[in-house]
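Descriptive structure summary
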Amino acid sequence: MDKEESSVESKECCTRSELVSEDGKNLKSVLCQRCGSKVLCPGMAVYSEKELFLPPMRNKKALSPTEGSGDNLSAHWLVDDMYTFENVGFTNDVGRIKYLICADCEIGPIGWHCLDDKKSYYVAVERVDHA
């Protein structure tokens, strides 16, 4: 295994203590896994455990809910204001949900937002990188 493969593996296996500060906020920048674009700056989101269903990762043009396919994820970065994000896009409404995507490469969904709750934007920890 070369150095590059090793660094990618170490990014994917960060422990909670390496990602979450004592006050529950993100210690590192949150980045798109595909293009590396910054989604959130350090200290701007709170770690939250809430089980949410996200469809499989795809480019925005290919994003459409497929019955049963996707992931139930429980570790998220919670943001209470959409203007906190450095770089995020939103899909069209899917029922009462908007999915969060990378605004640069349009891969996603990386997160979830319910239209009934204007103060909760969730970014799945497993669907982003941290640096």
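That block above? That's the structure.
Below: a short report on this structure. It should be emphasised that the depicted structure is a prediction, and the values quoted were computed from it without experimental measurement. (Residues numbered from 1 in each chain as written. Predicted model: local features only at pLDDT ≥ 70, side-chain atom pairs only at ≥ 80, totals over all residues. Heavy atoms only, no water.)

This part is about the sheet that holds strand E1 (residues 30–32). Taking strand neighbours across the sheet as the criterion, the three strands line up as E2-E1-E11 in an open arrangement whose pairing is antiparallel. At either margin of the open sheet sits one strand with a lone partner, and together these are strand E2 (38–40) and strand E11 (128–130). Recorded for the sheet is a direction-independent mean angle of 45° between the axes of neighbouring strands. For E1 and E11, the ladder comprises three bridges, and the chain directions are antiparallel. Counterpart to cysteine 32 in the pairing with E11 is valine 128. (Pairing = 2+ DSSP bridges. Helix = DSSP H or I, 4+ residues; strand = E, 2+ residues; numbered from the N terminus. Axes fitted to C-alpha atoms, helices over the stretch in contact; angles between N-to-C directions.)

The six strands are arranged E3-E5-E10-E9-E7-E6 in an open sheet whose pairing can be described as antiparallel. Each edge of the sheet is formed by a strand with only one pairing partner; in this case those strands are strand E3 (46–54) and strand E6 (89–90). Pairing of strand E9 (residues 111–114) with strand E10 (residues 121–124) involves three bridges; the strand directions are antiparallel. Among the inter-strand pairings, tryptophan 112 is bridged to a residue of E10, identified as tyrosine 122.

Now for the pattern of salt bridges. The final tally for this structure, using the stated rule, is four salt bridges. In this structure, aspartate 71 and arginine 127 form a salt bridge, with 2.7 Å as the shortest nitrogen-oxygen distance. One end of the pair, aspartate 71, is in strand E5 (residues 71–79); the other, arginine 127, is in the loop between E10 and E11, and 56 residues separate them in sequence. Note that aspartate 93 is salt-bridged to lysine 98, the shortest N-O span being 2.8 Å. The exposure class of aspartate 93 is partly exposed, given its relative accessible area of 43%. (Salt bridge = Lys/Arg side-chain N within 4 Å of Asp/Glu carboxyl O. Buried < 20%, exposed > 50% of the residue type's maximum accessible area, 1.4 Å probe, protein only.)

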